[in-house]
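A structural walkthrough
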Amino acid sequence: MAKSNQKGSTKKRKRLSKRGRTILNVFLSIFLVVFLTGCVVSGYVLVNVLSVVNGDVVINLEEKKSSQNQTSIVYAYDSAGKEVEIARLHGEENRIWVDYKDIPDNMKNAAIALEDRRFKSHHGVDWIRVGGVIAKPANLGQGASSLTQQLIKNLTGDKDVTFVRKYNEILYALNLEKHYSKEIILEAYLNTLYLGSGCYGVQTAAETYFGKDVWDLNLAECAAIISITKAPYAYNPLFNPDKNRTRQLYCLKMMLDEGFINQQEYNEAANYEMVFTNSENYVPTAKDLEKQEAAKKSEEKDSEFQSFYIDYVIDTVISDLKASQGLTDSQAVDQIYYGGLKIYAAVDLDIQKELETVYENRITFKEEKDTKENPAAQSAMTIMDYQGRVMGIIGQAGPKAGKRCLNRAVRSFRQPGSSIKPLSAYAPAVEKNLLTWSTKTVDEALFYNGKRWPRNVNGSYGSGSEVTTVYAIQQSLNTVAARVVNDKVTIPTSLEYLTEKFHLSKVDKKKDAALAPLATGAMTNGVSTLEMAAAYAAFGNGGKYYKPYCYYKVTNSAGTETILEPDHSAEQVISPGTADVMCEMLKTVSTSSYYGKNNGSNIKKFPIMCKTGTTDDQYDRWFAGGTPYYVSAVWYGYDIAKKMDFSVNPAGRIFIEVFDRIHKGLEKKDFPKSGDAVEKVYCRNSGLLAGTHCSSTATGWFKKDSLPGVCSSCTAASASSQSGNGGGFWDFIFGRREQPTTQPPAAENPDDPGGDQGGNVPTQEPATEAPTTAAPGFWDTIFG
């Protein structure tokens, strides 16, 4: 029995031993799998770490710098030629990038002392601080990151508090320090960190909190700015100066401990009275005021908006970026608001200011209520020099409605009425030697589409008498303009001049290929004040067309690369002689009715070449013209066409008001002459150059290569009968056709330019825009 028990015990031990071996094998297998898996994972991680850390650059700081959301700045030049900032354009991030050399050492050292005191010695990661996070995971979001790691977070925008993000951040930091110096990394960090109040980077923070450039900050101010980083709102010195002060002192203490400053520097900084931009004792410098004013105008979205000129610059740069760089609309907009561009505007600040004063206060405008149901009349005006520079522009009467709102000077196209005639009829005719100053054309309607057309402004179909070209322009005779286009210039040539020469972009080559659009301005789409001003400039600059420009250049944020630069080349669209003749004829148009009691003392010193325009029922009123200094176009009307009833053209009154203001203090001068046109005496009866026996004469301007013949129809007998004050007996009884005399010839005396001391005043003042001439007398009917 004992033997039997012994055998049973042996079998039991064998079963236990076998089971133990099985369990051991399982544990050994699991351990082996875990070990091998760990080795594989570790190997993968190690390979990944080495490949990332030692591989190609993961984050290209040069590319990031150029792609960072940076504030674009618009500059202009004041009357002294000094560059001034007039606007800042940015989206949510207001950032001005500054180079490492321009950042004060105190700012750099404050950042290192407060945020990463081992920055200069580690290789991207402060392993001591990381060890603290590993030992206590609750510290994961409590500031274990080095400056390099913080830079990566700023650049990637990844702010998740996870081990995966921290792991990638560490690898990227190690990689970054393999490829870039500490200086480049610190520069990027100080230009990308958020510092409250919409400020990204130390430059915009310096301007916002101290009204200074970053390079002008002292030690105490640098410490105050870096102290914001921990909590941008809680430590914002404008809102929470006490909290900012506490952390500023801590920052200074850290700088002292790290040896960046000595005890004396610490004491001076700690005792320095902090003066922020909202402090009562803050006294800004002139430079500070310029920056603050620009920033204020940019930020006051609800109460004040950037000028129409800045709107025009933005729209033009967007268009030019799309055209030159193949960008989409959204990409071009991003460049404007996030690209850190420097835009140098061509605006004349004084002219723009006067424009805004007149228009915002509706000076000379008809007094009327302005409601949503019954909006008041609107207007737009463009002022240019004679080489394409847009000096000033405005697209609304009354307070501006918003940023980049409707700019009627550029985007509203309205029928021009008679202001189109010099461009479509008279300039082409003079250019092609089809008309001269004194050429006679019958003032009588055509038979057009089976009926008489057009009527003159007085409702008649013309006087039936022959009138000179200059008289037709003075009186704005629709009948003569229609005959010039129909009988001389032809419709195709008239269209060519409007589209190819004068570059009116909205002319419809099919629908506007008719007499009504070309002779009286009843165009399908209309014109803008910008395009009309550019076209009329050719009459005052020797016949050249310059494409309007509103900026001199656009550069990158550093100013080292010119991205855009407008073409200032001239296109000779009419000959210099034609331009001189057209200018002189337009100078005879009267402007005397546009002067008020309290204006005109400045502008009356200068000759004005001009033409007015009125559409049916006075839906649109125009004034286009200029002085020897500036050329302009003014539109006046309602956004939704509405009949107006003015005895005096309101567009002309606006022109005189604005031009009187902007000509204050300017030296007297006349329009330049090319030498290709000469002043001659002509016979008012025949329209030819005056002969020996012509007694009824006047002076006019003629192209040298297109002089009329000499009159031989006036005999000695007729001259004798026409001598005296009013002609002979029969002329007295039956009446004699006679054109009003034009302005006197240009005086040689520089104090009397053009002989005009009171605006353009022909000897016969027209009662309305286009009265008919006197009916022909008996002998004129019989003998011509």
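Shown above is the structure to which this text applies.
Read on for an overview of the structure. (Residues numbered from 1 in each chain as written. Predicted model: local features only at pLDDT ≥ 70, side-chain atom pairs only at ≥ 80, totals over all residues. Heavy atoms only, no water.)

1. So, the packing of helix 17 (residues 421–431) against helix 20 (residues 491–501)
- Contact geometry of helix 17 with helix 20 gives a least axis separation of 9 Å together with a crossing angle of 105°. In this view, helix 17 runs roughly perpendicular relative to helix 20, as classed from their interaxial angle. Contacts from Leu 423, Ser 424, Pro 428 and Glu 431 of helix 17 reach helix 20 at Ser 494, Tyr 497 and Leu 498. (Axes fitted to C-alpha atoms, helices over the stretch in contact; angles between N-to-C directions. Helix = DSSP H or I, 4+ residues; strand = E, 2+ residues; numbered from the N terminus. Parallel < 35°, antiparallel > 145°, perpendicular 65-115°, else oblique. Contact = heavy atoms within 4.5 Å.)

2. Some remarks on unusual backbone geometry
- With an omega of 0°, the peptide bond between Trp 453 and Pro 454 qualifies as cis.
- Tracing the backbone through its elements, the reader meets Pro 454 in the loop between strand 10 (451–453) and strand 11 (466–468).
- With a phi close to 55°, Ser 476 is a non-glycine residue in the positive phi region.
- For Ser 476, a relative accessible area of 2% gives the class buried.
- Although it is not a glycine, Asp 617 adopts a positive phi angle of roughly 60°.
- Mapped onto the fold, Asp 617 is located in the loop between strand 16 (609–614) and strand 17 (620–626). (Buried < 20%, exposed > 50% of the residue type's maximum accessible area, 1.4 Å probe, protein only.)

3. A short note on the packing of helix 13 (residues 308–325) against helix 14 (residues 329–338)
- Between helix 13 and helix 14, the least distance of the axes is 9 Å, while the angle of their chain directions is 125°. The angle between helix 13 and helix 14 falls in the class oblique. Where helix 13 crosses over helix 14, the handedness of that crossing is right-handed. Facing Ile 314, Val 317, Ile 318, Leu 321 and Lys 322 of helix 13, the residues of helix 14 in contact are Asp 329, Ala 332, Val 333, Gln 335, Ile 336 and Tyr 337.
- Here the contact of helix 13 with helix 14 is built from residues that sort into 8 nonpolar, 1 polar and 2 charged. (Left-handed = near helix turned anticlockwise from the far one by under 90°. Nonpolar A, V, L, I, M, F, W, Y, C, P; charged D, E, K, R; others polar.)

4. Some words on a nonpolar patch on the surface
- A contiguous nonpolar patch, built from Val 26, Ile 30 and Val 34 and spanning about 260 Å² of accessible area, is present on the exposed surface.
- Assignment of secondary structure puts Val 26 in helix 1 (residues 2–54). (Patch = residues over 30% accessible without salt bridge, like charges linked within 9 Å, V, L, I, M, F, W, Y side chains within 5 Å. Areas by Shrake-Rupley, 256 points an atom, 1.4 Å probe, with all protein chains shown as cover. Salt bridge = Lys/Arg side-chain N within 4 Å of Asp/Glu carboxyl O.)

5. Quick notes on helix 8 (residues 202–210)
- In terms of burial, helix 8 is largely enclosed, as 8 of its 9 residues are buried.
- Two residues or fewer past helix 8, Gly 211 is found with a positive phi of approximately 65°.

6. Some thoughts on the side chain of Thr 229
- You can see Thr 229 is positioned in the loop between helix 9 (219–226) and helix 10 (241–257).
- On the accessibility criterion, Thr 229 (16% relative accessible area) is buried.
- Ignoring anything within four residues of it in the chain, the contact list for Thr 229 reads Glu 115, Tyr 189, Leu 193 and Leu 195.

7. Regarding the sheet that holds strand 1 (residues 72–77)
- One open sheet accounts for 5 strands, arranged 2-1-5-13-14; its pairing is mixed. Bordering the open sheet on either side are strand 2 (83–89) and strand 14 (562–564), each of which pairs with just one other strand. Neighbour to neighbour, the strand axes of the sheet diverge by 30° on average, direction disregarded.
- Two strands pair when backbone bridges link them, and strand 5 (residues 342–348) and strand 13 (residues 551–555) are joined in this way by 4 bridges, in the antiparallel orientation. Paired with Lys 342 across the strands is Thr 555, a residue of strand 13. (Pairing = 2+ DSSP bridges.)

Keep in mind these values describe shape, not function.
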